[in-house]
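# Descriptive analysis of the structure
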Amino acid sequence: MAAGPVAERLAALELVDHHCHGAVTDDLDRAGFEALLTEGEAWPGVSPFDSPVGLAVRRHCAPLLGLPRHSPAGVYLARRSELGAAEVNRRFLRAARTGAFCVDTGYAPHRVTAPAELAEAAGARAYEVVRLEGVAEAVAAGGVEPDAYARAFRTAAWEAVRRPGVVAVKSVAAYRTGFGLDPARPSPAEVTEAARRWLARGGGRLDDPVLVRHLLWTAVDLGRPLQLHAGFGDSDIRLHRADPTLLTDWLHLTAGTIPVLLLHCWPYQRQAAYLCAVFERVYLDVGLTLHHVGPARAGAVLAEALEITPFRKLLHSSDAYGLAEFHHLGALAFRQGLAGLLQERLDADELSLPDALRLVRWVGRDNARRVYRLPGGPADDG
Amino acid sequence: MAAGPVAERLAALELVDHHCHGAVTDDLDRAGFEALLTEGEAWPGVSPFDSPVGLAVRRHCAPLLGLPRHSPAGVYLARRSELGAAEVNRRFLRAARTGAFCVDTGYAPHRVTAPAELAEAAGARAYEVVRLEGVAEAVAAGGVEPDAYARAFRTAAWEAVRRPGVVAVKSVAAYRTGFGLDPARPSPAEVTEAARRWLARGGGRLDDPVLVRHLLWTAVDLGRPLQLHAGFGDSDIRLHRADPTLLTDWLHLTAGTIPVLLLHCWPYQRQAAYLCAVFERVYLDVGLTLHHVGPARAGAVLAEALEITPFRKLLHSSDAYGLAEFHHLGALAFRQGLAGLLQERLDADELSLPDALRLVRWVGRDNARRVYRLPGGPADDG
Amino acid sequence: MAAGPVAERLAALELVDHHCHGAVTDDLDRAGFEALLTEGEAWPGVSPFDSPVGLAVRRHCAPLLGLPRHSPAGVYLARRSELGAAEVNRRFLRAARTGAFCVDTGYAPHRVTAPAELAEAAGARAYEVVRLEGVAEAVAAGGVEPDAYARAFRTAAWEAVRRPGVVAVKSVAAYRTGFGLDPARPSPAEVTEAARRWLARGGGRLDDPVLVRHLLWTAVDLGRPLQLHAGFGDSDIRLHRADPTLLTDWLHLTAGTIPVLLLHCWPYQRQAAYLCAVFERVYLDVGLTLHHVGPARAGAVLAEALEITPFRKLLHSSDAYGLAEFHHLGALAFRQGLAGLLQERLDADELSLPDALRLVRWVGRDNARRVYRLPGGPADDG
């Protein structure tokens, strides 16, 4: 890992993790742990530990459990069980040295820490991100007439974002239809008709293209920052439809409205960077990716993400879900990757130290404070 | 080139080249050699030697002909002629230190070594891969009624895969229609109708979308591993339609059936890696690419291919065709590229030596043994 | 920056910048300068200086104004004003050490140097590139009947390319429709019908798909090299439609006719490289990109662009517009990036010094001389 003043500043900086999920609160057996270790599934005869993220866990998480670096998976899991979920979560969440977490509470197939619990375990603040598909699906589940759907969804979304601690909304449109949508705001009649079809089949997973568009436009009306899943995810994604440049027409139509934060992005980080460079309100992160590729490749991915991205436009997130290891690893890969690439540029005199330190502060903390209007920023913004 | 224990292990390991073709058995004049050196054509006034693969041949192949490194093209070709094709092939095939070759016998515009000849010249074993488009086109050429085509193709494919030494089938659907196909299995009536159109124009190149889908589903029925050309190839490809994530729906529909091996993949190696990470039965290689980019860039391409790929999912292939130089260069670029990136991670303590050596063994040999059930694996699989 | 014989040769070599624009001749205030610094717009609260290209300007351009490296933006701009546009342009254009500029004169929202002025300021030669969309739009603005449009455009284009100093034509089809066009030459009746629609709405921006196709085919008839914008640009582009492999069918249909030069290409430089490797008359550059990513990443982008590209197929361009800083930075990033990657290969003995020096000469100068038949080449082509 790069040493030097940038690495030191990054080590000392309390990050903002602008997009993550809770950590599982129950103890996990091997199958349970391995299922959370991969974006795929756990397959017979192939351990998810035999992957870049598995190596990174054994290398960087084992020492926090009091084990040698590169401990075998079995040893790691035994020690993890011995310590218990609460202690394990506490250790990793504290090790992340993250001052604030913005927690997407809309995806939780397991029992996971609520934002307040996460904050408590981490010794940090936590804010909430409302997943709009969840709001819409709850409206359908609660019973609504097709012609009342748009209003009911809008009301429910407004109620959700007005709760204390909510700082943003999120959409997984990339999963549901991909970004190759008609960019125009759908008419009320179109929405009613689409709601009729959806409700007739009992609601559930919201994947109607008209309703997904309507959801994105409702996000614009809410006026809150909108996090958008882009690129890398589980097998439910169609990766080529999650290229964020497919959203360009919609970004033109909504220019001057809400901040749009492109999450993950890999392998489209350059495409996302292009959007950040030309649209005032577009931001990106390479969360999820960084712990999956591990510290060995985090710098390479960040270097692509930063090729043309204005320094006010890159944010840090872990997108950790389930394993508190990932809250830690996401932060660690981000710190090591960024320190490595900045130090190299310092050494080549392509960058001055004050510029490097400012970039670190912005990307690691202040850009998120500014977009989400979190305490601490933008006052100490300089 | 990286030295150290990983490079040593790679040097000592007899690879499995899970996808290649034969070497030309006739002596080649300059025009003939240059035509095989490029995926394009040989153009007036531009020597294919003036390219990354040309440099790699002059650097890494010249010494095996007893010439200095970086010998000029003319000198190289003269010496090659002097030695004769049989001796040249023998030298390069032996230098590849490859224990087993899986040979696609379905593409041979030149006279090339049959698998047994390749094995003999290399001092190795050879297995056969059956190209399904060739089987289908032979069925058409042999004369068949449209409503008998599906059965005749299936029978011919079964006969082909039952021959001794056949370990897999292959499709070049990427060339014929691209991967943006309707993923569903076509109905018998659809197949008959499509066969009627195809046979009416005299058969030949199979590029009807219904028949290509039918071919892919027939591969599922055969139960053998299916190699799929993806990405990089000659000018006959439409590269953007060879992005393997376009196959995602089909991979969902066929989940739990046959292994699918994505060949070449460049420049979509990250997209292919995503599929490997989320689908149990998807594998990838960066064959063809490695010798075309040469050892100077092989590590960079491999690093992208390995960013999130489970270590059981990457295989080695040369995809060498025609020039035995490529069987050698593919192996050499693979060894050097992989050694370089692993050594860097060892040096950074991101990887332990036992893990590195295991990864080398798996990727270089045992993953292929396992998928194709070749002798030697998975017994010594650990 | 890499030292050594390759860097020295590159420093001494007078480049050909085969695609650029003029430099602004008026003095620029901060807002004016910042607007030219970014492919986006200047946004409130976010300085375009806080970006990779902003760092590169402060690092590499400040010394040419007599300022310390990494001078703050305010200091830089004050000094720039003090010197005045003419002196600033002269300094940067001379620093580029470029012997010949091919200037696209069809885009000039500001008052910029005409080719002769640019040549004078730089102490170089300048040639002209005719933007065909501008020719077509002028024909419409001048008044033409729909059924006379094709002939009038053709005549105007012929007149434009016959002017002294014109060496090529250019199209921004990537901006207007993207490359996913029907590749076939449109019929006269189709062109007339499309012209009727276009002229009925008063002409202006040419973005009718039939007329864009007609423009590309007219370029073929003109017989001059055709520069095509590909990939990276401002927010008016739809990046995913500017992937040059979408043009493959058209390249097949026009094979053996005019040279096609793919400009910029990022993030599709590998896709462009594929086209260069398989089509005789396709060339590429990574202009615009190199100064936006800066010298810190220029080598990485060039390394991807060169992975499989024949050495006769890569050209240098700055694509500088407006700021003479970019004519300089484009050349500097090209020199540093190329020197770095070649030196690394020399050090690894993957490349011989004579081969490296030849590659430098070709890519930096002779490939452009050859394609555009500029004086100096191909006589000293060896």
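Residues numbered from 1 in each chain as written. Chains lettered and ligands numbered in written order. Predicted model: local features only at pLDDT ≥ 70, side-chain atom pairs only at ≥ 80, totals over all residues. Heavy atoms only, no water.

## A short note on the UniProt feature "domain: Amidohydrolase-related" (unreviewed entry) in chain A
Sites flagged by UniProt as "domain: Amidohydrolase-related" (unreviewed entry) map to residues 116-374 of chain A. Annotated as residues 116-374 of chain A, this span is 54% helix and 10% strand, and its ends, taken at the C-alpha atoms, are 16 Å apart. (UniProt positions renumbered as here; feature names shortened; annotations may be inferred. Helix = DSSP H or I, 4+ residues; strand = E, 2+ residues; numbered from the N terminus.)

## Digging into the sheet that holds strand β5 (residues 226-230) of chain A
One key point about sheets: their strands pair by backbone hydrogen bonds, in either a parallel or an antiparallel sense. Residue and element names in this part refer to chain A. Sheet architecture is open: 7 strands sit in the order β1-β2-β3-β4-β5-β6-β7, paired in parallel fashion. Only two strands of the sheet have a single partner each, and these edge strands are β1 (15-20) and β7 (282-284). Adjacent strand axes in the sheet meet at a mean angle of 25° when their direction is disregarded. As paired strands, strand β3 (residues 125-131) and strand β4 (residues 166-171) are joined by 4 bridges and run parallel to one another. Residue pairing in the sheet places glutamate 128 in a bridge with valine 166 of β4. Across the sheet, helix α13 (residues 269-278) lies against β6 (260-264) and β7, angled at about 150° from β7, the strand it touches most. (Pairing = 2+ DSSP bridges. Axes fitted to C-alpha atoms, helices over the stretch in contact; angles between N-to-C directions. Contact = heavy atoms within 4.5 Å.)

## Things to note about the interface of chain C and chain A
Accessible area lost on assembly of the parts is the figure often given for the size of an interface. In this assembly, 37 residues from chain C lie in contact with 33 residues from chain A. Both sides of the chain C and chain A interface together cover about 3,000 Å² of buried area, and 56% of this is carbon and sulfur. At the junction of chain C and chain A, the tally comes to 8 salt bridges. Its salt-bridge partner being C:Arg58, residue A:Asp355 comes within 2.7 Å of it at the nearest N-O pair. Between chain C and chain A we count 16 residue pairs in polar contact (both at pLDDT 80 or more) in total. At the level of elements, α3 (52-61), α14 (289-293) and α15 (295-305) of chain C are the ones that each hand at least two residues to the side of chain C that touches chain A. Of the residues assigned to the side of chain C that touches chain A, the class counts are 15 nonpolar, 12 polar and 10 charged. (Buried area = accessible area lost by both parts, 1.4 Å probe. Salt bridge = Lys/Arg side-chain N within 4 Å of Asp/Glu carboxyl O. Polar contact = N/O pair within 3.5 Å; in protein donor to acceptor, adjacent residues only side chain to side chain. Nonpolar A, V, L, I, M, F, W, Y, C, P; charged D, E, K, R; others polar.)

## Observations concerning the sheet that holds strand β5 (residues 226-230) of chain C
Residue and element names in this part refer to chain C. Sheet architecture is open: 7 strands sit in the order β1-β2-β3-β4-β5-β6-β7, paired in parallel fashion. Lying at the two open borders of the sheet, with one neighbouring strand each, are β1 (15-20) and β7 (282-284). Here the average twist between neighbouring strands, direction ignored, is 25°. By the bridge criterion, 4 bridges tie β1 to strand β2 (residues 98-104) in an arrangement that is parallel. Across the sheet, the residue bridging to aspartate 17 is phenylalanine 101, located in β2. Sheet contacts for helix α13 (residues 269-278): β6 (260-264) and β7; angle to β7, the most-contacted strand, approximately 150°. Strands in contact with helix α16 (residues 324-347) are β1 and β2; relative to β1, the strand with the most contacts, it is inclined by about 125°.

## Overview of the interface of chain B and chain C
Contacts between the two partners involve 37 residues from chain B and, on the opposite side, 33 residues from chain C. A combined buried area of about 3,000 Å² lies between chain B and chain C, and 56% of that area is made up of carbon and sulfur atoms. Contact with chain C buries area across many residues of chain B, yet B:Trp43, B:Asp50 and B:Arg297 alone supply 22% of it, more than any other trio. Inspection of the region where chain B meets chain C yields 8 salt bridges. Here chain B is connected to chain C by 16 residue pairs in polar contact (both at pLDDT 80 or more). Elements supplying a minimum of two residues to the side of chain B that touches chain C: α3 (52-61), α14 (289-293) and α15 (295-305) of chain B. Within the side of chain B that touches chain C, the residues separate by chemical class into 15 nonpolar, 12 polar and 10 charged.

## Description of the relation of the copies chain B and chain C
Each of the two chain copies can be brought onto the other by rotation about an axis and movement along it. Turning chain B through 120° and shifting it by 0.0 Å along the axis lays it on chain C, with an RMSD of 0.0 Å. Considering both components of the superposition, the chain copies are consistent with a three-fold axis. Little of the interface of chain B is mirrored in chain C, where only 3% of its interface residues again form contacts. (Least-squares fit on C-alpha atoms with pLDDT ≥ 70 in both.)

## What about the packing of aromatic side chains?
Tallying each qualifying case throughout the model produces 24 aromatic pairs over all chains. When the centroid spacing of 5.3 Å and the interplanar angle of 65° are considered together, the rings of B:Phe232 and B:Trp266 count as edge-to-face. Within this pair, whereas B:Phe232 is found in the loop between β5 (226-230) and α12 (248-253), its partner B:Trp266 is found in the loop between β6 (260-264) and α13 (269-278), the two being separated by 34 residues in sequence. Just as B:Phe232 is buried, B:Trp266 falls in that class too. A network of ring pairs unites the aromatic residues A:Phe33, A:Phe49 and A:Tyr76 as a single cluster. Its end group placed over the ring of B:Tyr283, B:Lys313 keeps NZ or CZ at 5.2 Å from the ring centre. (Phe/Tyr/Trp six-rings, centres within 6.5 Å; stacked < 30°, edge-to-face > 60°. Buried < 20%, exposed > 50% of the residue type's maximum accessible area, 1.4 Å probe, protein only. Lys NZ or Arg CZ within 6 Å of the ring centre and 35° of its normal.)

## A word on unusual backbone geometry
Between A:Trp266 and the following residue, A:Pro267, the backbone shows a cis peptide bond with an omega angle of -5°. Positive phi, close to 75°, is recorded for B:Cys265, a residue that is not glycine. Classification of B:Cys265 by relative accessible area gives buried; the value is 0%.

## Quick word on the environment of C:Ala119
Here C:Ala119 is to be found in helix α6 (residues 115-122). Residues C:Ala119 and C:Gly99, 20 residues apart in the sequence, show an inter-C-alpha distance of 8.9 Å.

## Overview of the domain arrangement of chain A
Residues and elements named next belong to chain A. Assigned domains of chain A: these are domain 1 (5-27 + 98-372) and domain 2 (29-83). Per-residue buried area on domain 1 facing domain 2 is highest for His292, Leu323 and Glu325; these three make up 37% of the total on that side. Counting across the interface, domain 1 meets domain 2 through 1 salt bridge. Between glutamate 325 and arginine 80 there is a salt bridge; the shortest N-O distance is 2.8 Å. (Domains from an automatic or database assignment.)

## Remarks on the confidence of the model for chain A
All names here are of chain A. Looking at chain A, pLDDT values average 96 and 98% of them are 70 or higher. The low-confidence segment residues 378-382 (pLDDT under 50) makes 11 contacts with residues lying over four places distant or belonging to another chain. Predicted complex metrics record ipTM = 0.97 and pTM = 0.97. (pLDDT = per-residue confidence, 0-100.)

## A closer look at the packing of helix α1 (residues 5-12) of chain A against helix α17 (residues 353-372) of chain A
All names here are of chain A. Here α1 crosses α17 at 25°, and the two axes come no closer than 10 Å. If you check the angle between α1 and α17, you find them roughly parallel. When you trace α1 past α17, the crossing you get is right-handed. Two secondary-structure elements touch here, α1 through Pro5, Val6, Arg9 and Leu10 and α17 through Leu353, Ala356, Leu357, Val360 and Arg361. Tallied by class, the residues present in the contact of α1 with α17 amount to 7 nonpolar, no polar and 2 charged. (Parallel < 35°, antiparallel > 145°, perpendicular 65-115°, else oblique. Left-handed = near helix turned anticlockwise from the far one by under 90°.)

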